[in-house]
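Chain and residue survey
Here is what each chain is made of, one letter per residue.
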Amino acid sequence: MDTRRDSDYRLETRLVHEGQERTPFGETSEALFITQGFIYETAESAERRFLNEEPGYSYSRYSNPTVDMFEQRMASLEGAETARATASGMAAVTAAMVSQVQAGDHVVAARGLFGSCRWVVEDFLPRFGVACTLVDGPDVEAWRKAVRPDTKAFLLETPSNPSLQIIDIAAVARIAHEAGATLTVDNVFATPLYQKPLALGADCVVYSATKHIDGQGRCLGGVILGSTAFIESKVQQFLRMTGPSISPFNAWVLLKGLETLSLRVERQTANAAFLADALHDHSKLQGLTYPGRADHPQAELIRRQMSGASTMIALDVRDGKDGAFRFMNGLQLIRISNNLGDAKSLVTHPATTTHQRFAPELRAEMGISDGLVRLSVGLEHRDDLLSDLRNALDNV
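This report concerns the structure included in the present document. Everything numeric here is computed off the predicted structure, so don't read it as measured data. (Residues numbered from 1 in each chain as written. Predicted model: local features only at pLDDT ≥ 70, side-chain atom pairs only at ≥ 80, totals over all residues. Heavy atoms only, no water.)

**A word on a nonpolar patch on the surface**
Residues L32, I34 and F249 make up a contiguous nonpolar surface patch of about 280 Å² in total accessible area. By the element assignment, L32 lies in the loop between α1 (11-17) and α2 (43-50). (Patch = residues over 30% accessible without salt bridge, like charges linked within 9 Å, V, L, I, M, F, W, Y side chains within 5 Å. Areas by Shrake-Rupley, 256 points an atom, 1.4 Å probe, with all protein chains shown as cover. Salt bridge = Lys/Arg side-chain N within 4 Å of Asp/Glu carboxyl O. Helix = DSSP H or I, 4+ residues; strand = E, 2+ residues; numbered from the N terminus.)

This is the structure in structure tokens:
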């Protein structure tokens, strides 16, 4: 008789089966519990449940059976003890950072962040007395020099959005821990398949599940992952009291997305690698950055830190914004959208969308030129994608 637990199976199997709680009806698909609250058999039972003396659910803002299944599957995929789902990726980032600090604390963050993430640490936290220092993420010594006696938390994303810079997670984690601080890593571009920040020393990992985890343009969601001690001591009460909770329906959609995550991301990565090789020396490009190519400036670190490349390519189109716009408007198959990780290939112009609020000199510090176009590679046939990209580059 086979007595293996779900956790004993390989990743692809766990993405289909991990964490499923079947009802007495024996359903094949995960059950969807669309409910606000739950019934107690007695007043005494309600009291015990609120005191955490009795197992069970009390309110879907706190927990829900469908959400629990998604959290358990994400924790298994990430190699984390505990996961908490949120309504969006930015809810996950904000909750993870706000719950770790208080007035008088100091945060160190990489400059190369998604625009909204940078707003949280650079504009939002200082309103409540939390200071922030931004550093050049790949420069390990810059992190060390930024540490102050009141430093409590580090934040980075790697590969960075949209310039695909890579940061040494293990090295930054050591600096954080020497300072008595924690490290939170936004792992969206690597996906949980290709990079394991917790295994490299990070304390917390955050995702926009809207991206590859759904991967089909259907819903929003976010996840915070870490040790049980980290989640319960820093994050749990904040989530419970402030309510950035995910809809059970969205959690169910994301559960179904996880079943095909490895298939989709592997195909998207193969397509991206093919396109990067085919276009790297195109005359209409000033540069092309892809983590899977040997000419990436941090190729050696990528080999040590990541088990795969990415679904993302950064294209630096000639003639700045005008050239980038002519290129994007010339695409027939690939669509213009600020989303990523989708089954459909998508492009965006960060300087005028996701990072438009930054002055040109700040965008330059983040590696965002006026000609930079972020390409999220989808599931289409690679030859159709290449033809579309080449035809559009002819417009430049």
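There's plenty left to go through after this.
**Concerning the packing of aromatic side chains**
Overall, the coordinates contain 7 aromatic pairs when judged by the stated rule. Between the aromatic rings of F50 and Y62, the centroid separation amounts to 6.4 Å while the plane-to-plane angle is 85°, which identifies the pairing as edge-to-face. Here the residue F50 occupies a position in helix α2, and Y62 occupies one in the loop between α2 and α3 (65-78), the gap between them amounting to 12 residues. On the numbers, 5.1 Å between centres and 70° between planes, the contact of F124 with F128 is edge-to-face. Its end group placed over the ring of Y62, R240 keeps NZ or CZ at 3.7 Å from the ring centre. Over the aromatic face of F274 sits the side chain of R382, whose NZ or CZ is 4.0 Å from the ring centroid. (Phe/Tyr/Trp six-rings, centres within 6.5 Å; stacked < 30°, edge-to-face > 60°. Lys NZ or Arg CZ within 6 Å of the ring centre and 35° of its normal.)

**Thoughts on the side chain of H282**
In this fold, H282 is placed in the loop between α12 (261-279) and β8 (285-289). With a relative accessible area of 18%, H282 lands in the buried category. A polar atom in the side chain of H282 sits 3.1 Å from the backbone nitrogen of K284. (Buried < 20%, exposed > 50% of the residue type's maximum accessible area, 1.4 Å probe, protein only. Polar contact = N/O pair within 3.5 Å; in protein donor to acceptor, adjacent residues only side chain to side chain.)

**Quick word on helix α14 (residues 320-329)**
Every buried residue of α14 is accounted for by G323, A324, F327 and M328. Here the buried residues of α14 occupy an arc of 130° about the axis, which is enough to place them on one side. If you follow the buried residues of α14, they end up packed against β9 (312-317), β10 (335-336), β11 (346-348), β12 (372-376) and α16 (382-393). (Arc of directions from axis to C-beta. Contact = heavy atoms within 4.5 Å.)

**Overview of unusual backbone geometry**
Negative phi values dominate among residues other than glycine, just as trans dominates among peptide bonds. Cis rather than trans, the peptide bond between T158 and P159 has omega equal to -10°. Among the secondary structure elements, P159 is positioned in the loop between β4 (151-157) and α7 (169-178). Omega for the peptide link from N161 to P162 comes to 10°, which places this bond in the cis form. Relative to the assigned elements, P162 resides in the loop between β4 and α7. We note that T191 has phi near 65°; this positive angle belongs to a residue other than glycine. Considering the arrangement of structural elements, one finds T191 in helix α8 (residues 191-194). With phi around 70°, D319 is a residue other than glycine that occupies positive phi space.

**With respect to the sheet that holds β10**
With mixed pairing, the 5 strands of this open sheet are ordered in space as β8-β9-β12-β11-β10. In this open sheet, the two strands that pair with only one neighbour each are β8 and β10. (Pairing = 2+ DSSP bridges.)

**Let's talk about the side chain of E27**
Tracing the chain through its elements places E27 in the loop between α1 and α2. For E27, which is buried and forms no salt bridge, the nearest opposite charge comes from R22, at a distance of 5.7 Å. Within the structure, the side chain of E27 is placed 2.6 Å from the side chain of T23, a separation counted as a polar contact. Setting aside chain neighbours within four positions, we find E27 in contact with Q20, E21 and R22. (Lys, Arg positive; Asp, Glu negative; His and termini not counted.)

**So, the pairing of strand β7 (residues 222-226)**
Buried residues dominate β7, accounting for 5 of its 5 residues. Burial along β7 is two-sided: the face carrying G222, I224 and G226 and the face carrying V223 and L225 are both buried. Here strand β1 (residues 82-86) pairs with β7 via 5 bridges, running antiparallel. Each residue of the ladder has a partner; that of A85, found in β7, is V223. Pairing between strand β6 (residues 204-208) and β7: 5 bridges, direction antiparallel. When the bridges of β7 are listed, S208 appears paired with G222.

**Focus: the packing of α12 against α16**
Remark: α12 packs on α16, axes separated minimally by 10 Å, with the N-to-C direction vectors making an angle of 35°. By crossing handedness, the relation of α12 to α16 is classed as right-handed. Here N271, F274, L275, A278 and L279 of α12 lie close against α16, whose contacting residues are R382, D383, L385, L386, L389, R390 and L393. The class makeup of the residues in the contact of α12 with α16 is 8 nonpolar, 1 polar and 3 charged. (Axes fitted to C-alpha atoms, helices over the stretch in contact; angles between N-to-C directions. Left-handed = near helix turned anticlockwise from the far one by under 90°. Nonpolar A, V, L, I, M, F, W, Y, C, P; charged D, E, K, R; others polar.)

**Overview of the sheet that holds strand β5 (residues 182-186)**
In a beta sheet, neighbouring strands pair by backbone hydrogen bonds and run either parallel or antiparallel. One open sheet accounts for 7 strands, arranged β1-β7-β6-β5-β4-β2-β3; its pairing is mixed. Across the chains shown, the open sheet's two edge strands, defined by having one partner strand only, are β1 and β3 (131-135). Strand-to-strand twist in this sheet, taken as the mean axis angle between neighbours without regard to direction, amounts to 20°. Where helix α4 (residues 89-98) meets the sheet, its contacts fall on β1, β2 (106-110), β4, β5, β6 and β7, and the angle it forms with β6 comes to roughly 155°. Docked against the sheet, α7 engages β4 and β5, running at close to 150° with respect to β5.

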